[in-house]
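One letter stands for each residue in the lines below.
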Amino acid sequence: MTSLAQMPFQFTYSTVPGSCIRSGLVKTATSEVPTPALIVPMTKGVIPHVTYDIQLKLPESKMLGLLYTDLCDLDYDRIMRSQNKTAREFLFPEIIAQQPNSLFLRIRDPSTTNIVGPANGKQTAVQGGTGKVRIDSTSFLSTIFRTQPCIASLPCDEPIVEEPVNDPEAEKKALKRIRKSVMQTIGYGDQIIEMIKNPKLPELLNGALTPSDRLPALFSVLEGGWSIDSREHAVKHVNRLCDLSDAIKGTVVSGLDQVKPENISAVLAPTKVLKSDLVRVVSVLGTPDSIVTCILNGMDLFDTSYPIQLAECGYGLVFPLLTDALYAALQVGVPSYPIPFVINFSLPQFQLQNTPFVTTAKQLFEESAELLQDCTCPACTAPTGASTAYIHHLINTHEMNAVVLSSIHNLHHYQAFFTHLRAKIAENKPDLPTILLAYSQLLQKARTSQEIVMNKLGKEYKNFE
Amino acid sequence: MEKEAATPALRFETHETWNYARRSTLTLPHGPCRTPMFMPVGTQGAMKGITSAQMVELDVDLMLSNTYWMNFRPGPDVVKELGGLHGLMSWPKNILTDSGGFQMVSLLDLSTVTEEGVTFKSPVNGEMTLLTPEESISIQNRLGADIIMALDDVIPSVTTGPRVLEAQERTIRWLDRCYAAHSRPHDQNLFAIVQGGLDLDLRRKCVDAFLQRDDHIPGYAIGGLSGGEEKDIFWRVVANTCAMLPPGKPRYVMGVGYPVDIVVCVAVGADMFDCVYPCRTARFGTALADVPGGVVQLRSDKFTNDQTVIDKNCKCFICKGGMTRSRLHQVACQEGGGELITYHNIAYMMNLTARLRAAITNGTFPQFVISFMKTIFPRRVDVPDWICNALAYAKISSNLLEEHYPANEQLVIDDSVFMTMVKEAGSGHIKSPYHVKDRNIHGFQKMRNVVKEGEEEGEEVPKEKTGGKKAKMEME
């Protein structure tokens, strides 16, 4: 047992009989987050393109993802300490700070590959806004004590290692790198656990730890890329880390963006032997079909910026949510008719489409219209709700409001997606696993049937699937 | 209620006055507008970074859009089919569209003016298009704004010589063509624009000509300013023109957006103002505030550990919610930072005009103006001469310096001053270190090289300097 005072953290969950599907509640000092849920991505403490007054209208924003380097750049963690403020108090205006939300601090940026080498056994390196930031156990602990997030995921080494095809030599090399990243990541965890157990911690942190500071819930990182063997190895060590310290409250399953979509279930299989009371977070992976697949494999939280990035590329999400109507339709099987996934606002056909996004989708996909639910997001709601034609115009004229309005809509749509999933899991019908599997297939079919170019508005994104 | 005027689509009631300043209600087809008012600019049908819903929350009564750009994309027929600009933007309140005349100056290299109209080379596709007064009104009729502007012959405000007279006379001739072409007088108000450069006599002649047509003119604008002219001439043109215009109709000074300028223009009798300045400067990390100099340049390192809010009197969620300058310094260069500061700046402008209205109503207008000026110009040396002259004309203070600043003021530069005091050679006059400009410049002037980029201290230098990027910059 560590002698450090810990922040309140509790995770209760139940598992759907005969499956790995879990529904739960993460309780922190500042919020209660029902799972499965989305961790809302932030850049420098702001949801990209969404100002705080609008964030207030997205009440499901209860777990907010914050990047470690956003706190370290320009020594902002020290500034917060000098102002005697926690990260929440410093970053947010009152309207947000008074809301029930928790900060989830992580090293890996879900929107880009920010972990850069070379990593060694004592420190990893990430790309920050003002250059490369080296993170070792001392700097990591200093930052989390100064800023007091509710949850902090441990440092990791996460190289981008593509799965070679028919090239044994390349595969051997890739596997070697994956194993190294697993061991490095485990090593960082061991060092941090050892350090927090050290009675001389205050001296080691050179004043960063004050008597009133509490240790956030720590989430270990489970690496392993696409290698099932490496994942199994990593799972053993994550469980060992939990035995070493009760500060470990969860694990971040990382590197799934390098796994082929059809292999996700297989790669996640080893996580079934993870200690069950750990909160399981999926990092980066963000398509709705893969999220449903992960839920089927027992995952709880999802750290992704996919909805924002789709908005930045000119797309509005309209895929069907798991409503009663869709549930009933899936009981018969995956519908054969076309299902919409996104509205591509830049298409010329939308120039005169003066309807809300979902209504546009209903008109385009008449057969599936009854499966689509009207949107109630702040961007779509009358009297100031945006139309498809308006976003089309804004994209054509390179107006930033195109991304602002689509980001609000997409984020709201994703949160509604999780709300509906939780509701159906709570109903706990016997056919739930089958339905979720069918839902995942439906979403994958819908997504792959539409061409989605992830560099439409000048940015290029990779590694979603 | 002192004065009232009404046309089919406009009612203008003046409730209180303080000398030239007045508080009025301008009722338009999409609701009442409280004047004095600031009108944010959404050039292409959108305020950059602020949604229509946020504009409603910010208490904006009227916003601008631009005929020239909306004519290019998406085109007036498309906008008409989508229910006009109101339908396209889902904006429930009033809209004003500029006529496209401003682009004669802002896109000077791409335009030529003849009696028939102005020919533009499209910055989008390079095509030549002729914008006549009739075409401008036809486009604006289809865009469907509540206030539309007559096409005027706009010249840079520092122009002198016969071109000024030509532009003034042509503006009058074009006004008649605009009214002849106007097909929606029942629900759109066509405002006339007074031209005449910096020549008060020409301005008078222009107003005289307009007064002969006053029966069908619902409101007047004062154009051709904010183009690099000296402030001491600028305010005199506004004051003299306002004095000549009929009291029962709204007066709109085009392109004015610096808070100090708005306060002065209100004091000399103007009602409506528009400018991209509050939004554009926000994207450069500059917040407006009641502080010395009137701005907080948040990208400056001096704010790294500043625990105060931008403006303690501001009611926006950023200031009221305790977001410190230190925190905003962190995001000022980031995505999200521009939107936040834009929100604050619009809130500041709305709050400024609300305070002006309240002061006129309460009879405390002179006290408010003096208090405001003393905040922006805290020391005697900071106060520009033109402010003193304008406030004397407005009968607010016959001698601002003598009456409201101590005579034996010490010239001490405190830590908060970040610009160097410059003693101008020979004049013995000490230039204020604060960020208040001597001339009105809102972007387009820089492109014409009358004032070189970065010549003025504190002036933001655009990142894109090539000719092909001019139009993109001009769009806001």
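Each residue is numbered by its place in its chain's sequence as written, counting from 1. Chain letters start at A and ligand numbers start at 1, both assigned in the order the entries are written. Local features in this predicted model are restricted to residues whose pLDDT is 70 or higher, and side-chain atom pairs enter the listing and the counts only when it is 80 or higher, whereas totals over whole chains, interfaces and linings include all residues. For side-chain calculations, the full set of non-hydrogen atoms in the structure is used, while hydrogens and water are omitted.

The name an unreviewed UniProt entry gives chain B is Queuine tRNA-ribosyltransferase catalytic subunit 1, with Blattamonas nauphoetae as the organism. UniProt positions are given in the numbering used here, feature names are shortened, and annotations may be inferred rather than shown by experiment. Looking at the Cofactor (unreviewed entry) heading of the UniProt record, one finds this comment for chain B: "Zn(2+)". Chain B has a UniProt comment under Subunit (unreviewed entry) that states "Heterodimer of a catalytic subunit and an accessory subunit."

As recorded in an unreviewed UniProt entry, chain A goes by the name Queuine tRNA-ribosyltransferase accessory subunit 2, listed as coming from Blattamonas nauphoetae.

## Brief notes about the nonpolar core
As used in this record, nonpolar core signifies buried Ala, Val, Leu, Ile, Met, Phe, Trp, Tyr and Cys residues forming a set joined through side-chain atoms within 4.5 Å. Working definition: with a 1.4 Å probe on protein chains only, accessible area under 20% of the residue-type maximum means buried, over 50% means exposed, and in between means partly exposed. Within the largest apolar cluster, 276 residues are counted, with the highest numbers of intra-cluster contacts made by Leu141(A) and Tyr439(A). Under the DSSP-based scheme used, a helix requires at least four consecutive residues in state H or I and a strand at least two consecutive residues in state E, with every element numbered from the N terminus. Top element by residues in this core is helix H14 (residues 337-362) of chain B. It accounts for twelve residues. When residues of this core are assigned to domains, at least three map to each of domain 1 (9-304) and domain 2 (315-460) of chain A. We call two residues contacting when some pair of their heavy atoms lies within 4.5 Å. In contact with Tyr439(A), not counting residues within four places along its chain, are Val292(A), Phe319(A), Pro320(A), Leu321(A), Leu322(A), Leu326(A), Leu330(A), Phe417(A) and Leu421(A). If you look at the next biggest cluster of nonpolar residues, it comprises 20 residues, including Met39(B), Ile147(B), Met254(B) and Met272(B). For the domains described, the bounds stem from an automatic or database domain assignment.

## Side note on the pattern of salt bridges
The term salt bridge refers to a pairing of a side-chain nitrogen on Lys or Arg with a carboxyl oxygen on Asp or Glu at a separation within 4 Å. This model, assessed by the stated rule, comprises 44 salt bridges over all chains. For Asp213(A), the salt bridge is made with Arg81(A), and the minimal N-O distance between the two is 3.0 Å. You can see Asp213(A) sitting in the loop between helix H8 (201-204) and strand E11 (217-222) and its partner Arg81(A) sitting in helix H3 (residues 76-82), a full 132 residues away along the chain. Take Arg81(A): its relative accessible area is 22%, and that puts it in the partly exposed class. Between Arg11(B) and Glu13(B) there is a salt bridge; the shortest N-O distance is 3.4 Å. For Arg11(B), a relative accessible area of 36% puts it in the partly exposed group. Under the relative-accessibility criterion, Glu13(B) is labelled buried at 11%. Each of Glu115(B), Asp153(B), Arg163(B), Glu166(B), Arg170(B) and Arg173(B) takes part in one network of salt bridges that share partners.

## Here we look at the domain arrangement of chain A
Residue and element names in this part refer to chain A. Under the domain assignment, chain A is made up of domain 1 (9-304) and domain 2 (315-460). Centre-to-centre separation of domain 1 and domain 2, based on C-alpha positions: 28 Å. Contacts between domain 1 and domain 2 engage 33 residues on the former and 27 residues on the latter. For the pair domain 1 and domain 2, the two sides together bury roughly 2,500 Å², of which 76% comes from carbon and sulfur. Defined here as a combined quantity, buried area equals the accessible surface (1.4 Å probe) lost by two parts on assembly, summed across both. When residues of domain 1 are sorted by the area they lose upon contact with domain 2, His49, Pro288 and Asp289 head the list and together hold 22% of the total. The interface formed by domain 1 and domain 2 holds two salt bridges in total. Put simply, arginine 422 and glutamate 60 hold a salt bridge, and the shortest N to O gap is 2.7 Å. Any pair of nitrogen or oxygen atoms within 3.5 Å is treated as a polar contact; in protein, a donor-acceptor pairing is required on top of that, and neighbouring residues in sequence qualify only through side-chain atoms on both sides. Here domain 1 and domain 2 share seven residue pairs in polar contact (both at pLDDT 80 or more) between them. Within the residue set of the side of domain 1 that touches domain 2, elements represented by two or more residues are strand E2 (22-28), strand E3 (32-35), strand E4 (37-41) and helix H11 (288-296). In this count, Pro and Cys sit with the nonpolar residues alongside Ala, Val, Leu, Ile, Met, Phe, Trp and Tyr, while Asp, Glu, Lys and Arg are called charged and the others, Gly among them, polar. Taken together, the residues that form the side of domain 1 that touches domain 2 break down as 20 nonpolar, nine polar and four charged.

## As for the UniProt feature "domain: tRNA-guanine(15) transglycosylase-like" (unreviewed entry) in chain A
UniProt's entry tags residues 171-429 of chain A with the feature "domain: tRNA-guanine(15) transglycosylase-like" (unreviewed entry), counted in the numbering of this structure. For residues 171-429 of chain A, helix accounts for 47% and strand for 10%, while the C-alpha atoms at its two ends are 43 Å apart.

## What about unusual backbone geometry?
Cis geometry marks the peptide bond from Thr35(A) to Pro36(A), where omega comes out at 0°. By the secondary structure assignment, Pro36(A) is in the loop between E3 and E4. Residue Pro36(B) is bonded to the preceding Thr35(B) through a cis peptide linkage, with omega at 5°. Secondary-structure assignment places Pro36(B) in the loop between strand E4 (31-35) and strand E5 (37-39).

## Comments concerning the UniProt feature "active site" (unreviewed entry) in chain B
All names here are of chain B. In the numbering used here, UniProt assigns the feature "active site" (unreviewed entry) to Asp98 and Asp274. A stretch of 177 residues holds the annotated residues, and the largest C-alpha distance among them is 10.5 Å, short enough that they meet in one place. Checked against the element boundaries, aspartate 98 lands in strand E7 (residues 94-98). Aspartate 98 sits in the buried class, given a relative accessible area of 10%. Once you skip the residues sitting within four places of it in the chain, aspartate 98 turns out to touch Ser65, Asn66, Thr67, Gln103, Gln140, Met149 and Met254.

## Focus: helix H6 (residues 137-147) of chain A
Residue and element names in this part refer to chain A. In terms of burial, H6 is largely enclosed, as nine of its eleven residues are buried. All of the buried residues in H6 are Ser137, Phe140, Leu141, Ser142, Thr143, Ile144, Phe145, Arg146 and Thr147. Sitting at the head of H6, aspartate 136 places a side-chain oxygen 3.2 Å from the backbone nitrogen of threonine 138.

## Let's talk about the side chain of Asp77(A)
Within the secondary structure, Asp77(A) is located in helix H3. At 3.0 Å, the side chain of Asp77(A) forms a polar contact with the side chain of Thr143(A).

## A word on the side chain of Asp73(A)
Tracing the chain through its elements places Asp73(A) in the loop between helix H2 (68-72) and H3. Those residues within four positions of Asp73(A) in sequence are excluded, and the remaining contacts are Lys44(A), Gly128(A), Gly129(A), Thr130(A) and Val133(A).

## A short note on the interface of chain B and chain A
Each partner contributes to the interface: chain B provides 45 residues, whereas chain A provides 45 residues. Both sides together, the interface formed by chain B and chain A hides about 3,900 Å², and carbon and sulfur atoms give 56% of it. Summed over the shared surface of chain B and chain A, the result is two salt bridges. Residue Glu57(B) pairs with Lys57(A) through a salt bridge whose shortest N-O separation is 2.5 Å. In terms of residue class, the side of chain B that touches chain A is made up of 17 nonpolar, 19 polar and nine charged.

## Side note on the packing of aromatic side chains
All names here are of chain B. Think of it this way: a Phe, Tyr or Trp ring, Trp meaning its six-membered ring, pairs with another when their centres are within 6.5 Å, and the plane angle makes it stacked under 30 degrees, edge-to-face over 60, tilted otherwise. Going through the model one piece at a time under the given rule, you end up with 27 aromatic pairs over all chains. Between the aromatic rings of tryptophan 18 and phenylalanine 365, the centroid separation amounts to 6.3 Å while the plane-to-plane angle is 45°, which identifies the pairing as tilted. Residue tryptophan 18 is found in strand E2 (residues 10-18), and its partner phenylalanine 365 is found in helix H15 (residues 365-376); the two are separated by 347 residues along the sequence. Measuring from ring centre to ring centre gives 5.0 Å for tyrosine 68 and tryptophan 69, while their planes differ by 85°; the resulting arrangement is edge-to-face. For tryptophan 69, a relative accessible area of 1% corresponds to the buried category.

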